[in-house]
Amino acid sequence: MEKKENRKLVILGAAESGVGAAVLALQKGYDVFVSDRGAIKPAYKAELNRRGIRWEEGQHTESEVLAADEVVKSPGIPDTAPMVVRVREAGIPIISEIEFAGRYTDSRMICITGSNGKTTTTSLIYHILRNAGYDVGLAGNIGHSLALQVAEEPHAIYVIELSSFQLDNMYDFRANIAVLLNITPDHLDRYDYKMQNYTDSKMRIVQNQTEDDAFVYWGDDPVVTKELHKYGIRSRQCPFSILRKEGMVGYVADGQYVIEQPTPVNMEQEALALRGKHNLYNSLAAGIAADLSGVDSDTLRRSLSDFQGIEHRLEFVCRDERGVTWINDSKATNVDACWYALESMTTPTVLIIGGLDKGNDYNAILPLVREKCCALVFLGADNSVLHAFFDGKVDMPIADVHSMADCVAECRRLVPDEGTVLLSPCCASFDLFNNMEDRGEQFKHLAKTPQPPTL
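Everything numeric here is computed off the predicted structure, so don't read it as measured data. (Residues numbered from 1 in each chain as written. Predicted model: local features only at pLDDT ≥ 70, side-chain atom pairs only at ≥ 80, totals over all residues. Heavy atoms only, no water.)

Caption draft 1: Region of interest: the packing of helix α6 (residues 118-131) against helix α11 (residues 277-292). As a packed pair, α6 and α11 sit with axes 9 Å apart at the nearest point and diverge in direction by 40°. Between α6 and α11, the angle falls in the class oblique. With respect to the hand of their crossing, α6 and α11 are arranged in right-handed fashion. Of the residues in α11, those in contact with Thr120, Thr121, Leu124, Ile125, Ile128 and Leu129 of α6 are Asn279, Asn282, Ser283, Ala285, Ala286, Ala289 and Ala290. For the contact of α6 with α11, the class distribution of residues is eight nonpolar, five polar and no charged. (Axes fitted to C-alpha atoms, helices over the stretch in contact; angles between N-to-C directions. Helix = DSSP H or I, 4+ residues; strand = E, 2+ residues; numbered from the N terminus. Parallel < 35°, antiparallel > 145°, perpendicular 65-115°, else oblique. Left-handed = near helix turned anticlockwise from the far one by under 90°. Contact = heavy atoms within 4.5 Å. Nonpolar A, V, L, I, M, F, W, Y, C, P; charged D, E, K, R; others polar.)

Caption draft 2: Just helix α12 (residues 297-306), in detail. Residues Ser297, Thr299, Leu300, Ser303 and Leu304 constitute the buried set of α12. The buried residues of α12 occupy one face: seen down the axis, they fall within an arc of 160°. Among the structural elements, α6, β13 (256-259), β14 (265-268) and α11 are those in contact with the buried residues of α12. Its side-chain oxygen placed 3.2 Å from the backbone nitrogen of Asp298, Asp296 serves as the N-cap of α12. (Buried < 20%, exposed > 50% of the residue type's maximum accessible area, 1.4 Å probe, protein only. Arc of directions from axis to C-beta. Polar contact = N/O pair within 3.5 Å; in protein donor to acceptor, adjacent residues only side chain to side chain.)

Caption draft 3: Up close: the pairing of strand β10 (residues 214-218). In terms of burial, β10 is largely enclosed, as five of its five residues are buried. In β10, alternate side chains face the same way, and those of Ala214, Val216 and Trp218 on one face and Phe215 and Tyr217 on the other are all buried. In this sheet, β10 lies alongside strand β9 (residues 177-180) in parallel orientation, the contact comprising four bridges. Counted as the bridge partner of Val179 is Val216 from β10. (Pairing = 2+ DSSP bridges.)

Caption draft 4: Region of the structure containing the sheet that holds strand β2 (residues 31-36). Taken together, five strands build an open sheet; the order of strands is β3-β2-β1-β4-β5 and the sheet is parallel. For this open sheet the edge positions go to β3 (54-57) and β5 (94-95), each flanked by a neighbour on one side alone. Both strand β4 (residues 70-73) and β5 contribute to a ladder of two bridges, which runs parallel. Residue pairing across strands places Val71 opposite Ile94, the latter belonging to β5.

Caption draft 5: Molecular detail of helix α13 (residues 335-343). Of all nine residues in α13, seven are buried, a share of seventy percent or more. Taken residue by residue, α13 has Val335, Asp336, Ala337, Cys338, Tyr340, Ala341 and Leu342 as its buried positions. The N-cap of α13, judged by a side-chain oxygen 3.2 Å from the amide nitrogen of Asp336 a few residues on, is Asn334.

Here it is as structure tokens:
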């Protein structure tokens, strides 16, 4: 842990993970250089300057980058980026910030991945462990950089949300508890539009696990169950289901939420804070991970009951003067996430979908759109893919908009009294918005803005 390096580390990308990696690398004696092809946010520039870390923006200086002994790459940079290709051609190892941080800590790692539900489950596990009084940090796709915490705010346990992009550049990192929620098509544009490539990426969460570790997974997921035998999993397997079935460690039956081992826990399903079928999976995965971590039953029950949920995931925004419910599900950036949102709708729904398409197959949500929706609003810079799929397949109004203001105006026109407006886009946000948070915040602001009286 105290080993000091004297090698050159180049970090591509100067956001949360990149700056955190730079701080840790500096502490460990590396010659550090940070390079970002885009603009670096002022707060991150100030952090780098304060520590005397060299950086550049708007370019990648090839002579600097290719002089590296190792490169830490932001998960947002694709492997096809020209500089990444050049780094690989030069034989320079590329790793993720999580892999780098893992070299310098012996803390216990609880790692969560899956196509859907990662953030909710990660946040719930963190909530439970904090309520139990554990020394725990939140990292990965949410919270602060793991590398920065390892450098300056170390914890005994880290709860880490991992995307497939982060897993791709992890090699020796070990998850003491690995949680795999599901595998459904997502980000296929980054995986040559091959589902197996994406699946292999997700399954990397079990690499390096030993007999002392645990693997928590949805025991009914058709992709996960098909893949299990390929990876020589050595850890304790802890599957869960929303049905009582043989071999399941956790399940829901007869209105009861049940964990059978390692410490038996049961509570009324109605007492769970999170609603909807998809959240039963999230609550089971989180409960099992917390149980494996030694959380007592009373704390576990209380924490599952008082969790407040997360922003931008089936977030209640408001109920307006017409009784219309506005729901912000901006985090639903794939079709499967939208399916779960639609499945939980109980009133006629105007569905807002669109954005940067990732090779989506909308057939999965078509039956629910026909059953639950009274109108569709396509929100994107280019909605041609949506029109090509839905036009002629649904018997309902379709609006085509290119800004959030026009989107909300169309929703108000189309939604019936006491109906629902659901932003669950199926797509990435970068065509019209800075990120999915920006998309959700604009939606919430406009939904809550009082409308002038009609003259």
